[in-house]
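Coordinate inspection notes
The chain contents come next:
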Protein chains: 2
Amino acid sequence: MAGHGARGRSGGRPTLEEVAARAGVGRGTVSRVINGSPRVSDATRAAVEAAVAELGYVPNTAARALAANRTDAIALVVPEPETRFFAEPYFSDMLKGVGAELSETEMQLLLIFAGSDRERQRLAQYLAAHRVDGVLLVSVHADDPLPDMLSQLEIPAVISGPRSAGETLTSVDSDNYGGARSAVEHLLARGRRRIAHITGRMDVYGARRRVDGYRDALLDEGLGVDELLIEQGDFTEEGGRRAMSRLLEHAPDVDAVFAASDVTAAGARQVLREAGRRIPDDVALVGYDDSAIARHMDPPLTSVRQPIEEMGRAMIDLLLADIADRRPSASRDLERRHAVLPTELVVRTSS
Amino acid sequence: MAGHGARGRSGGRPTLEEVAARAGVGRGTVSRVINGSPRVSDATRAAVEAAVAELGYVPNTAARALAANRTDAIALVVPEPETRFFAEPYFSDMLKGVGAELSETEMQLLLIFAGSDRERQRLAQYLAAHRVDGVLLVSVHADDPLPDMLSQLEIPAVISGPRSAGETLTSVDSDNYGGARSAVEHLLARGRRRIAHITGRMDVYGARRRVDGYRDALLDEGLGVDELLIEQGDFTEEGGRRAMSRLLEHAPDVDAVFAASDVTAAGARQVLREAGRRIPDDVALVGYDDSAIARHMDPPLTSVRQPIEEMGRAMIDLLLADIADRRPSASRDLERRHAVLPTELVVRTSS
DNA sequence: AGGTACCGTGGGAGCGCTCCCATCGGTGAT
DNA sequence: ATCACCGATGGGAGCGCTCCCACGGTACCT
């Protein structure tokens, strides 16, 4: 593939020095060209670039990292035990966005698992040793010490779901509030009036925002919020089943359910079926995530799609910006950025 | 960029030299202790370890990589365009196994996307520059030049689905043949006699093995193989739909279908429903992969589970072994290893 | 006793790169 | 014509580590 015409000196990759010799210039000049410094004459630059091409020169990352004290690598920290998170397309999609955006740069992506205590231990060492230039954090719990640790070490980091409205780290999120609103507004438009909500885990900020959206949609319609119609779930199928059972008990006249995740909706669906309620005739159902399950459910589930791949891209963008900003040290006072990306309601036959 | 000694003395990470001074030994000795060399006296080792602990010494990867000409990193190459592969739990599960096994070592995991041409270009450079000690290859097409490139560069590599029976790379696979057999034997045991098979893409070795297993199960039962009962699919839902339509046309008396993937089964299911065939009463259905779709299908789908997480672990084991074997160069003649892990039939109500 | 093996150890010599300073012409100003 | 100045360039000095050779010491041999 790559035209490494010269695997040179008996197998060794060409070095800066060899390129310099070949181009008839000094080592420093080649370095400048490689790193895109403007202080090189056009003629020299051309000569160096030719030599680089001829020799198939590729910079040695290790040497560069050692000399420049940077790594050109960023870490994606994965809290592995969260199987829910892992199995959903969420992870894959985000990775896709991250990968796409990253491929525009010279940065490499390290995957670090921080599930077990030992793994977290290792991660701490990793970070302490500044083995990455920045960190991507996904699916972090409210009480996780990791984010604070990162701020303290002054390692640029971007978190995918902010932990609260006052998130200190740079963050990327989808519009949970708006997504929930659109789901409920859709149900209202369909004439439903007794719309229930099965929440996600309330220690997740996004889940709370969805509740807010649910409430406000009802209030803006002039309907009150019946607390009996709000049941707590935990994003899981089992949680959805339990919540739906309680719902049927406390509010048997429910005519629509907005669940905080597709999996939760699947659990709710099962209980509804067993109770003889038809979907959508008796009870309309809307989920969240627009996962494979939504498409394959019977009936296919209306769901709120999050632009996850775009979120991945945004995370990289923000992180790279943070890393760049950080370099001319002491410009720490840049305003923290928080990106919020729009969601989209995918209407299917369950509503 | 953090100038040289910049954060030096005050707050900088301790170096080997500093540990050596603290322990009252030479640099070389500390290096030996860090790397677990046996040629160090117990007393010295203890002293060094104490110094390491007191100073919180963590080796500088870049320096080590530069001096030792190795990277302590392995790459997981992801052929991104394969969205099918990416979205299925396959990827996540494998990653889980890889991560778990890797966390026992000092190796780090690099994720490299090789979807677009530009990405492949970069990957080639990457490999040419020997920026990783080894490579994990997943979901590789039969005509992909990557594997050969790896052999040529003599970079240790493990492939997750061998491309053929004569795979030259070290490989890990699940028992596609046995998995298919168990599915068909299960259907036979249930009294089915007109068992059809919707295949995967026939350029995938695993798909061919599944066909083999299907055939042999029938032959061993004393039943002939009716070629009309074998329809080609491509692992997708749409492929499943098309194949099932043809099947109903050519072999209307079909009483069971073994599909090469759950998604394919989902497509087949839809067509069966539309044709008024009940599952499992009229036609039993068995899928492959045991994905989320299988659990959530109506009726829940019997499926062949592959031990994907274990496959991930096995890949790492084999790769690390290859890397280790490689170091004392010229021991290239080690026999290529191929691990085949058993599958498990998960019986649900669709059969 | 002298010789031969080691063993544990110290430390020089790089690995390939970035930084930075010194150098060298060329330029416009005086 | 002279000088201060500036952009372009060369190359020394590390970055922190591993490799390996050399060294003194001890144990064992003849």
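Only a predicted model underlies this, so the values are computations on that prediction, with no experimental measurement involved.

It is common to give the size of an interface as the accessible area that goes away when the parts come together. Each side of the interface is counted separately: chain B has 53 residues, and chain A has 53 residues. For the pairing of chain B and chain A, the buried interface totals around 4700 Å² over both sides, and the portion due to carbon and sulfur atoms is 56%. Counting the contacts that link chain B with chain A gives zero salt bridges. At the surface where chain B touches chain A, the tally comes to 16 residue pairs in polar contact (both at pLDDT 80 or more). Secondary structure elements with two or more residues in the side of chain B that touches chain A: α4 (61–68), α5 (83–87), α6 (89–102), β2 (108–113), α7 (117–128), α8 (146–153), α12 (262–274) and α13 (292–296) of chain B. The leading source of residues in the side of chain B that touches chain A is α7 of chain B, at eight residues. Broken down by class, the residue content of the side of chain B that touches chain A amounts to 27 nonpolar, twelve polar and 14 charged. With three bridges joining them, strand β2 (residues 108–113) of chain A and β2 of chain B adopt antiparallel strand pairing. Pairing of Leu-110 of chain A across the sheet is with Leu-110 of chain B, part of β2 of chain B.

All names here are of chain A. Taken domain by domain, chain A holds domain 1 (9–59), domain 2 (73–173 + 310–341) and domain 3 (176–305). One C-alpha centre belongs to domain 2, the other to domain 3; they are set 31 Å apart. In this assembly, ten residues from domain 2 lie in contact with nine residues from domain 3. Together domain 2 and domain 3 conceal approximately 810 Å² of surface at their shared face, both sides included; 46% is due to carbon and sulfur atoms.

This next bit is on the relation of the copies chain B and chain A. You can overlay chain B on chain A at an RMSD of 0.1 Å; the transform is a turn of 180 degrees with a shift of 0.0 Å along its axis. What we have between these two chains is a two-fold relation. Both copies present the same face, since 91% of the interface residues in chain B are matched by interface residues at the equivalent positions in chain A.

Attention shifts here to the packing of aromatic side chains. Evaluated as defined, the whole model comprises two aromatic pairs over all chains. Ring centres 6.2 Å apart and planes at 50 degrees place the aromatic pair Phe-258 of chain A and Tyr-288 of chain A in the tilted group. Separated by 30 residues along the polypeptide, Phe-258 of chain A in strand β8 (residues 256–259) and Tyr-288 of chain A in strand β9 (residues 284–288) bring together distant segments of the chain. The exposure class of Phe-258 of chain A is buried, given its relative accessible area of 0%. Against the face of Tyr-126 of chain B rests Arg-131 of chain B, its NZ or CZ located 4.2 Å from the ring centre. Over the aromatic face of Tyr-288 of chain B sits the side chain of Arg-210 of chain B, whose NZ or CZ is 3.6 Å from the ring centroid.

What follows is about the UniProt feature "domain: HTH lacI-type" (unreviewed entry) in chain A. Residues annotated in UniProt with the feature "domain: HTH lacI-type" (unreviewed entry) correspond here to residues 14–68 of chain A. From the first C-alpha to the last, residues 14–68 of chain A spans 20 Å; its make-up is 69% helix and 0% strand.

Below, the discussion takes up the protein's contact with DNA strand C. Around DNA strand C, the structure places 27 residues, and the nearest of them are Leu-16, Arg-27 and Tyr-57 of chain A together with Thr-29 and Thr-44 of chain B. A share of 62% of the atoms of DNA strand C within 4 Å of the protein falls on sugar and phosphate groups. A distance of 2.7 Å separates a phosphate oxygen of DNA strand C from a polar atom in the backbone of Gly-26 of chain B. In this structure, Ala-67 of chain B approaches DNA strand C through a main-chain N or O atom, which is 3.4 Å from a base oxygen. Listing elements by their share of the surface near DNA strand C, those giving two or more residues are α2 (27–34) and α4 (61–68) of chain A together with α2 (27–34) and α4 of chain B.

This next bit is on the sheet that holds strand β5 (residues 170–174) of chain B. Spatially, twelve strands are ordered β11(A)-β5(A)-β4(A)-β3(A)-β1(A)-β2(A)-β2(B)-β1(B)-β3(B)-β4(B)-β5(B)-β11(B) in an open sheet, and the strand pairing comes out mixed. In this open sheet, the two strands that pair with only one neighbour each are β11 (338–341) of chain A together with β11 (338–341) of chain B. Put simply, the sheet's adjacent strands are angled 20 degrees from each other on average, direction ignored.

Rules of the game
Residues numbered from 1 in each chain as written. Chains lettered and ligands numbered in written order. Predicted model: local features only at pLDDT ≥ 70, side-chain atom pairs only at ≥ 80, totals over all residues. Heavy atoms only, no water. Contact = heavy atoms within 4.5 Å. Buried area = accessible area lost by both parts, 1.4 Å probe. Salt bridge = Lys/Arg side-chain N within 4 Å of Asp/Glu carboxyl O. Polar contact = N/O pair within 3.5 Å; in protein donor to acceptor, adjacent residues only side chain to side chain. Helix = DSSP H or I, 4+ residues; strand = E, 2+ residues; numbered from the N terminus. Nonpolar A, V, L, I, M, F, W, Y, C, P; charged D, E, K, R; others polar. Pairing = 2+ DSSP bridges. Domains from an automatic or database assignment. Least-squares fit on C-alpha atoms with pLDDT ≥ 70 in both. Phe/Tyr/Trp six-rings, centres within 6.5 Å; stacked < 30°, edge-to-face > 60°. Buried < 20%, exposed > 50% of the residue type's maximum accessible area, 1.4 Å probe, protein only. Lys NZ or Arg CZ within 6 Å of the ring centre and 35° of its normal. UniProt positions renumbered as here; feature names shortened; annotations may be inferred. Near = heavy atom within 4 Å. Axes fitted to C-alpha atoms, helices over the stretch in contact; angles between N-to-C directions.

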